[in-house]
Amino acid sequence: MAASRSGFGALLRAWRDRLAPADAGFTATPGRRAPGLRREELAQLSGLSVDYVLRLEQGRATHPSAQVVGALARALQLSRTERDQLYRSAGLLPPQDGTVSTHVPPGVQRLAARLGDFPIGVFTADWTLVWWNSMWSALYGDPSAFPAARRNLARALFVGGVAFPVRSERGHDAFEASIVADLKDAASRYPADTRLARLVKDLRETSDVFARLWATETESAQHATDRKTIRHPEIGDILLDCDVLIVPGADLRMVTYTAAAGSSDAGKLDLLRVTGTPAANEASQNGWGRPVSNDASRSPSVP
């Protein structure tokens, strides 16, 4: 498919102007001149550099990858029809039906953005993180600084190479088994998804634990509700209620962390909310990923 440089840039600008800052989790301050999102806000949401977003809008960057277009579509809260239009304007085929979707519906993003007091992350059916709010970044580190391949929970859990920073009250073995159960379910529903098949193949080849669970587990419950202790590099251990909410019709998992009002752990979340303490250095060592450039030449590829 042939790309339209002016068409792609015009769509980005029009949809950026259309999106209200509050719906994307930003505070609209008095005197704000931009009718919608600022260019730097779109760059932040999509995990790209401001310069690259500018070059895309001006038509000077002409071959964005499918991963970049997908990230922009999520950041702009596009409908499926609009998302497909953006792919085609970049000279790319839209994502096919029958594969794991990375599309986050606008309503889900608006809902999650308005619940900004708590860490929220949205995962695909193969447990790849595709959307998060600022509190998630404060708790775990900014995922946009990491390659997308390292944003997959199963990959971080089984081949991260170091201690995982989350301790489940159900026990680590049960946590691992539930993630494998989720991947088995996804593989049965998306047999034609080559990226999912490659993820499972890589995990079976690199992790003896994953290979054993994949071969033997048949009755494990899928990952849903739990209490987890998150080890933060500056605040210390935070005990939180973790709930996994399934988004009907989108095959997404919205993971939320909360604490009882008045508890010491709620106070730690308050501290994170006020200071925005980054956990990026810790996250770069715990299997979630390593910091990389946000420029297009280093755009992540989802496994």
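Rules and cut-offs
Residues numbered from 1 in each chain as written. Predicted model: local features only at pLDDT ≥ 70, side-chain atom pairs only at ≥ 80, totals over all residues. Heavy atoms only, no water. Pairing = 2+ DSSP bridges. Helix = DSSP H or I, 4+ residues; strand = E, 2+ residues; numbered from the N terminus. Buried < 20%, exposed > 50% of the residue type's maximum accessible area, 1.4 Å probe, protein only. Polar contact = N/O pair within 3.5 Å; in protein donor to acceptor, adjacent residues only side chain to side chain. Contact = heavy atoms within 4.5 Å. Salt bridge = Lys/Arg side-chain N within 4 Å of Asp/Glu carboxyl O. Axes fitted to C-alpha atoms, helices over the stretch in contact; angles between N-to-C directions. Parallel < 35°, antiparallel > 145°, perpendicular 65-115°, else oblique. Left-handed = near helix turned anticlockwise from the far one by under 90°. Nonpolar A, V, L, I, M, F, W, Y, C, P; charged D, E, K, R; others polar.

Enquirer: In this structure, what is going on with the pairing of strand β5 (residues 236-247)? I would like to understand it.
Expert: Here is the key point about a regular strand: its side chains alternate between the two faces of the sheet. Relative to β5, strand β4 (residues 225-232) runs antiparallel, the two being bridged by 8 bridges. Bridging across to β5, I230 finds its partner in I238. Count of turn residues in the β4/β5 antiparallel hairpin: 3 residues. In this sheet, strand β6 (residues 252-258) lies alongside β5 in antiparallel orientation, the contact comprising 7 bridges. By the bridge assignment, V244 is partnered in β6 with V255. Between β5 and β6, which pair antiparallel in sequence order, lie 4 residues; one of them, G249, sits at a positive phi of approximately 80°.

Enquirer: Could you clarify how one ought to interpret the side chain of E57 in this entry?
Expert: Here E57 is to be found in helix α3 (residues 50-58). Taking relative accessible area as the criterion, E57 reaches 3% and is therefore assigned buried. For E57, the side chain forms a polar contact with the side chain of R39, separated by 3.0 Å. Contact partners of E57, with chain neighbours within four places excluded, come to G9, L12, R13, R16, R39 and L42.

Enquirer: Got a minute to help me understand the pattern of salt bridges in this structure?
Expert: Between side chains of opposite charge, pairing is possible as soon as their charged atoms come close. Scanning the entire structure with this criterion turns up 18 salt bridges. For R39, the salt bridge goes to E57, with nearest N and O atoms at 3.0 Å. Of this pair, R39 sits in helix α2 (residues 39-46) while E57 sits in helix α3, and the two are 18 residues apart along the sequence. Judged by its relative accessible area of 27%, R39 falls in the partly exposed class. Through salt bridges that share partners, R16, R39 and E57 make up one connected network.

Enquirer: Quick question: what am I supposed to make of the packing of α2 against α3 here?
Expert: Describing two packed helices takes the angle between their axes plus the distance from one axis to the other. Viewed as axis vectors pointing N to C, α2 and α3 meet at an angle of 110°, and their least axial separation amounts to 8 Å. As judged from the angle between their axes, α2 and α3 are roughly perpendicular. Between α2 and α3 the crossing geometry is right-handed. Facing R39, E40, L42 and A43 of α2, the residues of α3 in contact are V50, V53, L54 and E57. Taken together, the residues that form the contact of α2 with α3 break down as 5 nonpolar, no polar and 3 charged.

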